[in-house]
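# Working through the structure, step by step
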Amino acid sequence: MHEQHAFWMRHAMNLAQRAQAQGEVPVGAVLVRAEQILGQGWNRSITEHDPSAHAEIMALRAAGRQANNYRLPGSTLYVTLEPCVMCAGAILHARVEHLVFGAFDPKTGAAGSVFELVQDTRHYHRCEVTGGVLAPQCAEQLQAFFRARRALAKQHKQSAGAKAGPVK
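Residues numbered from 1 in each chain as written. Predicted model: local features only at pLDDT ≥ 70, side-chain atom pairs only at ≥ 80, totals over all residues. Heavy atoms only, no water.

## Side note on the overall build of the protein chain
Filter applied, for reference: Numbering of helices and strands runs from the N terminus, with a helix taken as a DSSP run of H or I at least four residues long and a strand as a DSSP run of E at least two residues long. With a 1.4 Å probe rolled over the protein chains alone, any residue whose accessible area is under 20% of its type maximum counts as buried; one over 50% counts as exposed, and the rest are partly exposed. Between two residues, a contact is recorded if the distance between any of their heavy atoms is within 4.5 Å. To be clear on the numbers: accessible area is Shrake-Rupley with a 1.4 Å probe, and residue cover counts the displayed protein chains and nothing else. For the charge count, each Lys or Arg is scored as positive and each Asp or Glu as negative, with His and the chain ends excluded. Here the site of a charge means atom NZ of a Lys, CZ of an Arg, CG of an Asp or CD of a Glu.
When helices and strands are tallied, the protein chain shows 5 helices and 5 strands. What you see in the protein chain, going N to C, is helices and strands ordered as α-β-β-α-α-β-α-β-β-α. Taken along the three principal axes of its C-alpha coordinates, the protein chain extends 65 × 30 × 30 Å. A buried classification covers 43% of the 168 residues belonging to the protein chain. Across the protein chain, contacts joining residues at least 24 apart in sequence account for 56% of those joining residues at least 6 apart. Of the accessible surface of the protein chain, which amounts to about 9,300 Å², a share of 55% is contributed by carbon and sulfur atoms. One finds the centroid of the 18 positive side-chain charges in the protein chain at a distance of 11 Å from the centroid of its 13 negative side-chain charges.

Here it is as structure tokens:
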């Protein structure tokens, strides 16, 4: 594995921790050009009340402001989870050159798992894709979050049942 990819993916994983601290699904993204951070983001859909506030979108928005342009040629986007259809479309519109992601998303992934959007030859722009960078670590970060969430829901359900008392 390319050491540069691992370096930036670890950075994206740290950003994912920010999402988790806010009760969001832990996905982080960082957009880099010439070894400089152009933009970074983490999932904020819940806190922003915005269904489009995925980590990739937040990173692209920040990068666009930084570059003073919505087109970001020559850039590489690192994200801890394979992008969804919405994010893949934004990546294409931004003219991101290279997408590097960690965990594959077998339910909604749009960079090869379910859909092949970013390299579809019908698009004017295509993006080079490298998937599976630090995949076990990225997947575990997500799985641990959902395990904890399920355990908490189970605990709430049990305590609610205990408060109601026995059924007669």
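After that view of the structure, there is still more to cover.
## Brief notes about the packing of helix 3 (residues 55–67) against helix 4 (residues 85–93)
Operational definition: Interaxial angles span 0 to 180 degrees and are taken between N-to-C directions of axes, which are lines fitted to C-alpha atoms, for helices over the stretch in contact. Angle categories are assigned with fixed cut-offs, so that under 35 degrees is roughly parallel, over 145 is roughly antiparallel, 65 to 115 is roughly perpendicular, and the rest are oblique. Handedness of a crossing follows from how the near helix is turned relative to the far one, being left-handed for an anticlockwise turn of less than a right angle and right-handed for a clockwise one. The nonpolar class holds Ala, Val, Leu, Ile, Met, Phe, Trp, Tyr, Cys and Pro. Asp, Glu, Lys and Arg form the charged class, and all remaining residues, Gly among them, are polar.
For the pair helix 3 and helix 4, interaxial distance at closest approach is 9 Å and the crossing angle is 25°. Regarding the angle of helix 3 to helix 4, the classification is roughly parallel. Both helix 3 and helix 4 take part in a crossing whose hand is left-handed. Residues E56, I57 and L60 of helix 3 touch helix 4, and the partners they reach there are M86, C87, A90 and I91. Looking at the contact of helix 3 with helix 4 residue by residue, the class counts come to 6 nonpolar, no polar and 1 charged.

## Describing the packing of aromatic side chains
Applied cut-off: Put simply, two rings from Phe, Tyr or Trp (the six-membered ring, in Trp's case) pair if the centres are within 6.5 Å, and we call them stacked under 30 degrees between planes, edge-to-face over 60, tilted for the rest.
The tally for this structure, following the rule as stated, stands at 4 aromatic pairs. Measuring from ring centre to ring centre gives 5.0 Å for F101 and F104, while their planes differ by 85°; the resulting arrangement is edge-to-face. Taking the relative accessible area as the measure of exposure, F104 reaches 48% and is therefore partly exposed. Here a set of aromatic residues connected by ring pairs shows up, and it is made of F7, W8 and Y78.

## What about unusual backbone geometry?
The backbone of A34 shows a phi angle near 55°, a positive value even though the residue is not glycine. Here A34 shows up in the loop between strand 1 (28–33) and strand 2 (36–42). Phi at H49 takes a positive value of approximately 55°, unusual for a residue other than glycine. As for its placement among the helices and strands, H49 is situated in the loop between helix 2 (45–48) and helix 3.

## Regarding the sheet that holds strand 2
The line we're drawing: At least two bridges found by DSSP between two strands is the condition for calling them paired.
The sheet built from 5 strands is open, its strands ordered 2-1-3-4-5 with mixed pairing. If you trace the sheet from one side to the other, it starts and ends with strand 2 and strand 5 (128–131), each paired once. With direction set aside, neighbouring strand axes in the sheet form an average angle of 15°. Pairing of strand 1 with strand 2 involves 6 bridges; the strand directions are antiparallel. Bridging from a neighbouring strand, V30 pairs with Q40 of strand 2. On the sheet, helix 3 packs against strand 1, strand 2 and strand 3 (76–81) and is oriented at approximately 145° with respect to strand 2.

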